[in-house]
Amino acid sequence: MRKTRTTLSDGRALIYYDAEAAAAEPLRDHADSRGLPPTAMSAERRHDRLLDEWVVIASHRQGRTHLPPADQCPLCPSAPGRPTEIPAPDYQVAVFENRFPALSGPGGGRCEVVCFSPDHEASYADLGPAQVRTVLAALADRTAELAGLPGVEQVYCFENRGPEIGVTLAHPHGQVYALPVLTPRTRRMLDTVSRHHEATGRNLFDEVRDEALADGRRVVAAGEHWSAFVPEAARWPYEVHLYPNRRVPDLPALTEAEQAELAGLHLDLLGRFDRLFPTPAPYISAWHQAPVRTGRDLYALHLELFTTRRAADKLKYLAGTESGMGQFINDITPERAAAALREV
C-alpha cells in the first residue's frame, strides 16, 4: 500500500492511501488552492461529577457543512473550478483532519475523516473486497499512529450512514476519533471483563462469542476467522456484533488472513442490512478497540453494527426511558432479528 502525506491550505493533514503505488504517482501532487484561514476551534471537556463522565462542548461545530447538494460535496475529488477537501482529481482512500473537530487542542485529541471512495453515490457495501481492504489498512494505520500521540487514551473508528442517524454529508465516509479519555462504554466494559476475569480466570468477550455460536439461534454468519451474531441483550432492533475468533486488541493486530475474511464478511453484513427493508437501512458501524494503555490483554476488538430502523416505515427513537434513564427497550427479539438477517 502507498501512503502519501500532504497538507491542506489551512495546515490540516491529508493522507492518501493507494493499494498500488504506481497508480498514486500522477495524482498526489495537487495542492489545495482554496487559501483557507486556520479553523477557529473552541472544544473543551467538562466533567459530569454525578455520572463520572466527560462531556465535550464544541460550539464551533454548530456551523459545519450540512447536507450540501452533490455538486458541492466537500468529500468528492476536486474538479476545475470546484476545489474540495481532496485536492486530487481522483483517489482511492483519503484521510484528513476534520475541519470542524469535536476534539482539538493540546492533549485534547484529534478527529479525522476517512473518505472510502471518490464515488459520491456509492455506499460502503458497494466498494468491493479490494477497496474495503484498503479502507481497513487505512483504519489500522490511523489507529497505530494516533495511539502514539501524547494524551490519547483510545482510538475509535466508526461510520454513520443515513440522515436518520444524523449524517451531515452523504458521501461515503467514516471518522476516526483519538480520544483523550476512555469513553463511558469502553470503561464500563473493561471494568466488567476485569471483574469477571478476577472471579473466574476466563475472558468474558470470549464467553459471549462462544455462547452465541454454541446456541446458534443468534448467529448471522460465521467464517474461519470471524463470527457475526446478534447479542443476547440487543438494544437496537437489528444489531450485529462481529468478533474475530482469535481475540486481539485492535485493528493493527489482525493478520493478513483475518483482514481478508473481514473485508468480505463486513460487506456481507452491510448487504443484509440493506435488504431488510425496501430502502437502504440507516446504520452505525462502530469499531470497539482496546484502550491505548490499559486492559489490552483482556479487551477484545469487535465491530458493533446496528440500525435505528425497526420496520420499513418506523424508526427506533431514544425516547423517555432510553434518553432519560439509559434503560433500553427493544421491540424485536434478538432471535427473530438474527433469523431475519440470515434469511435476507
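Here, the structure is the one placed above.
Owing to the predicted nature of the structure, the values given are computational and were not obtained by experimental measurement.

Caption draft 1: Molecular detail of the overall build of the protein chain. Each helix and strand in the protein chain was counted, giving seven helices and 15 strands. Here the C-alpha atoms of the protein chain give a radius of gyration of 20 Å, agreeing with the 20 Å that 2.2 N^0.38 yields for 344 residues. Taken along its principal axes, the extent of the C-alpha atoms in the protein chain is 55 × 45 × 40 Å. Each of the 344 residues in the protein chain was classed as buried or not, and the buried ones make up 50%. A fraction of 64% describes how many contacts in the protein chain between residues 6 or more apart in sequence connect residues 24 or more apart. When the accessible surface of the protein chain is summed, it comes to about 15,900 Å², and 52% of that surface belongs to carbon and sulfur atoms. Both charge centroids of the protein chain, one from 38 positive and one from 46 negative side chains, sit 4 Å from each other.

Caption draft 2: Broad picture of the pairing of strand β4 (residues 53-57). Sheet topology places strand β3 (residues 44-48) next to β4; five bridges connect them, and they run antiparallel. Looking at the pairing, Arg 46 lines up with Val 55 of β4.

Caption draft 3: Local environment of the side chain of Gln 154. Tracing the sequence through the fold places Gln 154 in strand β7 (residues 154-161). Look at Gln 154 and you get buried, because its relative accessible area is 3%. Engagement of the side chain of Gln 154 in a polar contact is seen with the backbone nitrogen of Thr 183, the distance being 3.0 Å. Of note is the side chain of Gln 154, whose polar atom sits 2.6 Å from the side chain of Thr 186.

Caption draft 4: Seen up close, the packing of helix α3 (residues 184-200) against helix α4 (residues 204-215). It is at 9 Å that the axes of α3 and α4 come closest, and there the two elements cross at 90 degrees. It follows from the interaxial angle that α3 and α4 lie roughly perpendicular. Within the contact between the two elements, α3 uses Met 189, Thr 192, Val 193 and His 196 and α4 uses Leu 204, Phe 205 and Glu 207. For the contact of α3 with α4, the class distribution of residues is four nonpolar, two polar and one charged.

Caption draft 5: Representation of the side chain of His 266 within the structure. Considering the arrangement of structural elements, one finds His 266 in helix α5 (residues 256-274). Overall, His 266 belongs to the buried group, its relative accessible area being 2%. A distance of 3.4 Å separates the side chain of His 266 from the side chain of Ser 285, its partner in a polar contact. Once residues within four sequence positions are removed from consideration, His 266 is found in contact with Tyr 124, Ser 285 and Leu 303.

Caption draft 6: Focus on unusual backbone geometry. One non-glycine residue, Asp 52, adopts positive backbone phi at about 55 degrees. Classification of Asp 52 by relative accessible area gives partly exposed; the value is 39%. Phi is positive for Leu 67, which is not a glycine, with a value near 45 degrees. Tracing the sequence through the fold places Leu 67 in the loop between β4 and β5 (93-97).

Caption draft 7: Molecular detail of the pattern of salt bridges. Considering all chains together, one arrives at 30 salt bridges under this definition. In this structure, Arg 202 engages Glu 207 in a salt bridge whose closest nitrogen and oxygen atoms are separated by 2.4 Å. Judged by relative accessible area, Arg 202 falls into the partly exposed class, the value being 45%. Among the residues examined, Glu 207 registers a relative accessible area of 16% and is labelled buried. Across the salt bridge formed by Asp 206 and Arg 247, the nearest N and O atoms sit 3.1 Å from each other. Separated by 41 residues along the polypeptide, Asp 206 in helix α4 and Arg 247 in the loop between β11 (238-244) and α5 bring together distant segments of the chain. Judged by its relative accessible area of 18%, Asp 206 falls in the buried class.

Caption draft 8: A look at the packing of helix α2 (residues 129-147) against α5. Here α2 crosses α5 at 120 degrees, and the two axes come no closer than 9 Å. Compared by their axis directions, α2 and α5 come out oblique. Crossing hand, α2 versus α5: right-handed. Each of Pro 129, Val 132, Arg 133 and Leu 136 in α2 lies in contact with α5, whose residues at this interface are Glu 256, Gln 259, Ala 260, Leu 262, Ala 263 and Leu 267. Class assignment for the residues of the contact of α2 with α5 results in seven nonpolar, one polar and two charged.

Caption draft 9: View of the pairing of strand β6 (residues 110-115). Where burial is concerned, most of β6 is hidden: six out of the six residues are buried. Summarising the sheet, β5 and β6 pair through four bridges and their orientation is antiparallel. Note on β6: the bridge partner recorded for Glu 97 is Glu 112. Relative to strand β8 (residues 173-179), β6 runs antiparallel, the two being bridged by six bridges. The residue of β8 that forms the bridge with Cys 111 is Tyr 177.

Calculation criteria
Residues numbered from 1 in each chain as written. Predicted model: local features only at pLDDT ≥ 70, side-chain atom pairs only at ≥ 80, totals over all residues. Heavy atoms only, no water. Helix = DSSP H or I, 4+ residues; strand = E, 2+ residues; numbered from the N terminus. Rg over C-alpha atoms; globule rule 2.2 N^0.38 Å. Buried < 20%, exposed > 50% of the residue type's maximum accessible area, 1.4 Å probe, protein only. Contact = heavy atoms within 4.5 Å. Areas by Shrake-Rupley, 256 points an atom, 1.4 Å probe, with all protein chains shown as cover. Lys, Arg positive; Asp, Glu negative; His and termini not counted. Charge placed at Lys NZ, Arg CZ, Asp CG, Glu CD. Pairing = 2+ DSSP bridges. Polar contact = N/O pair within 3.5 Å; in protein donor to acceptor, adjacent residues only side chain to side chain. Axes fitted to C-alpha atoms, helices over the stretch in contact; angles between N-to-C directions. Parallel < 35°, antiparallel > 145°, perpendicular 65-115°, else oblique. Nonpolar A, V, L, I, M, F, W, Y, C, P; charged D, E, K, R; others polar. Salt bridge = Lys/Arg side-chain N within 4 Å of Asp/Glu carboxyl O. Left-handed = near helix turned anticlockwise from the far one by under 90°.

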